[in-house]
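# Examination of the molecular architecture
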Amino acid sequence: MVHNTLSRNMDSQTAVQLITARLEETRDVYQATLKNPDLLKTIALITEKVTSALRNNRRVVVFGNGGSAADAQHFAAELVGGFANHHRR
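Figured I'd write up the structure that's included with this text.

Definitions and cut-offs
Residues numbered from 1 in each chain as written. Predicted model: local features only at pLDDT ≥ 70, side-chain atom pairs only at ≥ 80, totals over all residues. Heavy atoms only, no water. Helix = DSSP H or I, 4+ residues; strand = E, 2+ residues; numbered from the N terminus. Buried < 20%, exposed > 50% of the residue type's maximum accessible area, 1.4 Å probe, protein only. Areas by Shrake-Rupley, 256 points an atom, 1.4 Å probe, with all protein chains shown as cover. Patch = residues over 30% accessible without salt bridge, like charges linked within 9 Å, V, L, I, M, F, W, Y side chains within 5 Å. Salt bridge = Lys/Arg side-chain N within 4 Å of Asp/Glu carboxyl O. Polar contact = N/O pair within 3.5 Å; in protein donor to acceptor, adjacent residues only side chain to side chain. Contact = heavy atoms within 4.5 Å.

On a plain count of helices and strands, the protein chain comes out with 4 helices and 0 strands. Sequence-ordered secondary structure for the protein chain, helices as α and strands as β, is α-α-α-α. Per-residue burial for the protein chain yields a buried fraction of 9% across its 89 residues. Summed over its atoms, the accessible surface of the protein chain is roughly 7,900 Å², and 56% of this surface lies on carbon and sulfur atoms.

Here it is as structure tokens:
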């Protein structure tokens, strides 16, 4: 959706409005997450499980379909890259 919107000719004011809207959406997601203790506990549990698996030479399997597959691939690359480059954090 963003690509189609950006591919049109638009003035800088319209571009700024689009960027602002996307950043506000992201902020709203973060704020909603911070206000949801159950979700925060779930995120912490998943973090503990993934960390434990990696520390114990176990596998972490991630997958998706379409855009979610790209997210899964990116997540896996971050895990691998993080271990290959210990100085990155």
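What follows concerns a nonpolar patch on the surface. A cluster of nonpolar side chains, contributed by Leu34, Leu39, Leu40 and Ile43, occupies part of the molecular surface with about 340 Å² of accessible area. Broken down by element, the nonpolar patch gets its largest block of residues, 3 residues, from helix 3 (residues 37-55). Summarising the element assignment, Leu34 is placed in helix 2 (residues 12-34).

Quick look at the pattern of salt bridges now. Oppositely charged side chains may form a pair once their charged atoms are brought near each other. One pass over the full model with this rule turns up 2 salt bridges. Among the ionic pairs, Glu25 bridges to Arg22, the shortest N-O distance being 3.5 Å. Highlighted residues: Glu25 and Arg22, both in helix 2, separated by 3 residues, approximately one helical turn. With relative accessibility at 44%, the residue Glu25 sits in the partly exposed group. Judged by its relative accessible area of 23%, Arg22 falls in the partly exposed class.

Here Thr33 lies in helix 2. At 2.9 Å, the side chain of Thr33 and the backbone oxygen of Val29 are in polar contact. The contact partners of Thr33, leaving out residues within four places of it in the chain, are Leu39, Leu40 and Ile43.

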